[in-house]
Amino acid sequence: MKKEKNDLMEKIISLTKRRGFVFPSSEIYGGFAAVYDLGPYGVELANNIKKEWWRSMTQLRDNVVGLDSAIFMSPKIWEASGHVKGFSDPLTECRKCHTRLRLDTLLEEIDVLADEKMSEEEINKIFDANREKIKCPSCGAKDFTSGRSFNLLVQSNLGNFTGDWTKEPVYLRGETCQGIYVNYKNVLDSARVRIPFGIAQIGKAFRNEITARQFIFRTREFEQMEMQYFIHPDKTKEAYNYWREARWQFYLDLGFKPENLKWHQHENLVFYAKEAYDIEYNFPFGFKELEGIHARGDYDLTQHAKSSGQNFEYLDTISGEKFVPNIVETSVGVGRTFLAALCEAYREENIGGDERIVLALPPRLAPIKIAVFPLLKNKPDLVVRAEEIYHSLRQKFRCEFDDNGNIGKRYRRQDEIGTPFCLTFDFDSLDDAMVTVRERDSATQERVKISDLDNYFSSRLS
Ligand code: ATP
């Protein structure tokens, strides 16, 4: 079973490279660890994931508004939030091959519960009791240094003209939500929102991850989709349960199988948190965090109020009550959703004696919705008419034109990209003004009038 799952991961990595979804960063220079680039189909898939999230979190709601805060922020923000002191993972190093590893992950692999939030001392105690059982995954040695906390914030020298920037570093943001907290007042004063309301943001985050071995699951540069919901303290439980349900439903609506999702409750809560659950996805390397849903109390606003000297109290104009809002956060990575969507969609099938790989992505996520083919490349009558249809359909749908190779080969290519429909203009089309439309999952074909194509695809792709 484990081997099958490893194979699946290998197959997905190979498909995404071969078909232009994901490329390792800086490949021609030997690569750059734990950073990836999105290729032509990858950027479409990622954009569709973000579109779905944005639609579900803002467009379909009365009280959630958007924000796009900058990646660079005052370093004071990261001090106030606790990241400069406490945003760290426990690190150990293999004394033989010098591979750096996350201590909590090593312990997890031998089924010993450890948490990144434990103190250095606590985690080292557990480590020492289990040293005999732990092997370096790179060289097999059992000789490790003691664990130490390793800060994950990525530093930069932006705007430092005095010389030693390590003494006054600026940080690339480690999470997008800090930009939301520090703009809470701006939004409240400008967007005509009243509590309860949410602020949603999609953007890049950066972390100096110690081990990043699981393809795009854990990268040093990644995109987050986060929403912070501001509420009256008494309404925390209600809001928390609401968002737990809403976020679970989001994945079901994307077509994820319920058996591939599960809840994981955090046992060691940080001191300010009221509740914390993750939605885990059944990745080929096991159930792992896809999204975190956390009740954060008033910690974030209180910290920034204290540190900036601003007043973050909210005045309820009806009851006259003043309070610092509590926050429920939902936070998920685009890359992890991307990988989960690929795992969910990847299939190997035998259709009519032919082997094929198909990405059965829901049409909303598919990078290309319709591929348009002339039956033969060297027949101008067919090519010109197919091009006309392509130009017309692409006004509304993401389309691709392909006249390369035989039709079977073109179908295989589109199956691997996950294109729900292929349309072929053939010799009969010249007489009957109809084309052959082939559906990806069933591989069935039907003739559709050219004049009906717009309606046909509008309803089948909705
Ligand atoms: P993990 O325990 O896997 O390191 P985390 O608990 O540190 O994750 P959060 O800080 O809660 O993660 O971030 C919220 C979401 O952002 C995660 O659920 C995940 O989807 C995404 N995310 C976090 N770190 C990374 C990363 N290094 N690469 C890709 N996505 C990430």
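Residues numbered from 1 in each chain as written. Predicted model: local features only at pLDDT ≥ 70, side-chain atom pairs only at ≥ 80, totals over all residues. Heavy atoms only, no water.

(A) Spatial organisation of the pattern of salt bridges. The tally for this structure, following the rule as stated, stands at 34 salt bridges. Arg413 is the salt-bridge partner of Glu400, the closest N and O atoms lying 3.0 Å from each other. In this pair, Glu400 is assigned in strand 20 (residues 399–401) and Arg413 in helix 13 (residues 407–417), connecting sequence segments 13 residues apart. Judged by relative accessible area, Glu400 falls into the buried class, the value being 14%. Among the charged side chains, a network of salt bridges with common partners joins Glu349, Asp354, Arg356, Arg412, Asp415 and Arg438. (Salt bridge = Lys/Arg side-chain N within 4 Å of Asp/Glu carboxyl O. Helix = DSSP H or I, 4+ residues; strand = E, 2+ residues; numbered from the N terminus. Buried < 20%, exposed > 50% of the residue type's maximum accessible area, 1.4 Å probe, protein only.)

(B) Representation of the site of the ligand in the model. Every one of the 17 residues lining the ligand counts as a neighbour, but Glu209, Arg218, Glu289, Leu290 and Gly333 are closest to it. Phe217 places a main-chain nitrogen or oxygen 3.5 Å from a nitrogen atom of the ligand. A distance of 2.6 Å is found between an oxygen atom of the ligand and a side-chain nitrogen or oxygen belonging to Glu289. Of the residues assigned to the shell around the ligand, the class counts are four nonpolar, five polar and eight charged. (Near = heavy atom within 4 Å. Polar contact = N/O pair within 3.5 Å; in protein donor to acceptor, adjacent residues only side chain to side chain. Nonpolar A, V, L, I, M, F, W, Y, C, P; charged D, E, K, R; others polar.)

(C) Quick peek at the packing of aromatic side chains. Applying the stated criterion across every chain yields a total of 27 aromatic pairs. Taken together, a centroid distance of 5.1 Å and an interplanar angle of 25° make the contact between Phe197 and Phe230 stacked. On the criterion of sequence distance, the pair formed by Phe197 in strand 9 (residues 197–206) and Phe230 in strand 10 (residues 221–231) is long-range, its members being 33 residues apart. Overall, the relative accessible area of 0% leaves Phe230 in the buried class. For the pair Tyr456 and Phe457, a centre-to-centre distance of 5.2 Å together with 80° between the ring planes defines the contact as edge-to-face. There is no split in this pair, since Tyr456 and Phe457 are both buried. Among the aromatic residues, those joined into a cluster by ring pairs are Phe217, Phe250, Tyr251, Phe256, Tyr281, Phe283 and Phe285. The lysine or arginine in question, Arg244, covers the ring of Trp263, its NZ or CZ lying 4.1 Å from the ring centre. When the ring centre of Phe250 is taken as origin, the NZ or CZ atom of Arg247, which lies over that ring, is 4.3 Å away. (Phe/Tyr/Trp six-rings, centres within 6.5 Å; stacked < 30°, edge-to-face > 60°. Lys NZ or Arg CZ within 6 Å of the ring centre and 35° of its normal.)

(D) Spotlight on the domain arrangement of the protein. Considered domain by domain, the protein is made up of domain 1 (2–84 + 175–342), domain 2 (88–151) and domain 3 (368–461). A straight line from the C-alpha centre of domain 2 to that of domain 3 covers 55 Å. (Domains from an automatic or database assignment.)

(E) Spotlight on the nonpolar core. Residues Trp53, Phe256, Leu290, Phe338 and Leu339 are the most contacted members of the largest nonpolar core, which totals 54 residues. Sort the elements by how many residues they give to this core and helix 11 (residues 334–345) lands first, with eight residues. Core analysis: the next-biggest nonpolar cluster, separate from the first, contains 19 residues, Val372, Ala386, Phe397 and Val448 among them. (Core = buried A, V, L, I, M, F, W, Y, C linked by side-chain atoms within 4.5 Å.)

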